[in-house]
Amino acid sequence: VYIFDHVTLPPNIKYIGDDAFCNCQSLTGLCIPKSVSNIGFSAFRGCGLENINISESLFGISEYMFYDAYELKEVELPNTITAMSHAFYSCEHLHIIMPPSVSYIAPDAFNQCNEYSYENLRIEVPKGEKEKLEQLCEHLKGKILEYDITEDMAISSDLQKH
């Protein structure tokens, strides 16, 4: 049995496979290199990650990527992420800032986030998106804040085509 709290991946790795760190509860930190362009299904499911910075080389958050990652508190998403589904199921302490590039959030992306067990959940979305997300996920009412989009957050035309 290997126990580790922080992993640094090789700088040239391109893919993190399905279930790669699934149930690694001692894993609290991870450096994902910019070379990673794809992260598989349930890659961090049930792991002990407390925060993670997602590389700008990713365009989506795979299904169940952080499912049951109960300790996950902060996720930094780049302005390249456009979609997510089932991604943060049961992440009860989560603070996440959705970049303006996110155009699709599945209704189940934040399932099990309710007022009883997820009082610390906080989701920030670009101004004008709050109502749409609350309609999509009624149980998120009162958990969503809005922020103003600044010039440096503008979505590039290349990304809009993706």
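Before going into details, it helps to say that this report is about the structure given with it. (Residues numbered from 1 in each chain as written. Predicted model: local features only at pLDDT ≥ 70, side-chain atom pairs only at ≥ 80, totals over all residues. Heavy atoms only, no water.)

### So, the packing of aromatic side chains
Going through the model one piece at a time under the given rule, you end up with 6 aromatic pairs. With a centroid separation of 5.1 Å and an interplanar angle of 70°, the aromatic rings of Tyr64 and Tyr67 are classed as edge-to-face. Centroid distance Phe66 to Phe88: 5.4 Å. Interplanar angle 5°. Geometry classified as stacked. Here Phe66 is found in the loop between β6 (60–61) and β7 (74–76), whereas its partner Phe88 is found in the loop between β8 (83–84) and β9 (95–97), with 22 residues between them in sequence. With relative accessibility at 0%, the residue Phe66 sits in the buried group. By relative accessible area, which is 0% here, Phe88 ends up buried. Joined through ring pairs, the aromatic side chains of Phe21, Phe44, Phe66 and Phe88 make up one cluster. Lying over the aromatic face of Tyr64, Arg45 brings its terminal NZ or CZ to 5.6 Å of the ring centre. Seen from the ring of Tyr67, Arg45 lies directly overhead, with NZ or CZ sitting 3.9 Å from the centre. (Phe/Tyr/Trp six-rings, centres within 6.5 Å; stacked < 30°, edge-to-face > 60°. Helix = DSSP H or I, 4+ residues; strand = E, 2+ residues; numbered from the N terminus. Buried < 20%, exposed > 50% of the residue type's maximum accessible area, 1.4 Å probe, protein only. Lys NZ or Arg CZ within 6 Å of the ring centre and 35° of its normal.)

### Comments concerning the sheet that holds β7
Strand order across the open sheet formed by 5 strands is β5-β7-β9-β11-β12, with parallel pairing between neighbours. Strand pairing shows two members of the sheet lacking a second neighbour, β5 (51–53) and β12 (144–147), which therefore form its edges. Neighbour-to-neighbour, the strand axes of this sheet turn through a mean angle of 15°, independent of strand direction. Relative to β7, β5 is paired through 3 bridges, and the arrangement is parallel. Bridge pairing links Asn51 to Glu74 in β7. (Pairing = 2+ DSSP bridges. Axes fitted to C-alpha atoms, helices over the stretch in contact; angles between N-to-C directions.)

### Notes on the pattern of salt bridges
Under the defined criterion, the tally for this structure stands at 4 salt bridges. For Lys73, the salt bridge is made with Glu71, and the minimal N-O distance between the two is 3.9 Å. A residue is classified by how much of its surface remains accessible, and Lys73, at 37% relative accessible area, is partly exposed. The class for Glu71 is partly exposed, based on a relative accessible area of 39%. Two residues, Arg122 and Glu124, come together in a salt bridge whose shortest N-O distance is 3.7 Å. Judged by relative accessible area, which is 35%, Arg122 ranks as partly exposed. With a relative accessible area of 16%, Glu124 lands in the buried category. (Salt bridge = Lys/Arg side-chain N within 4 Å of Asp/Glu carboxyl O.)

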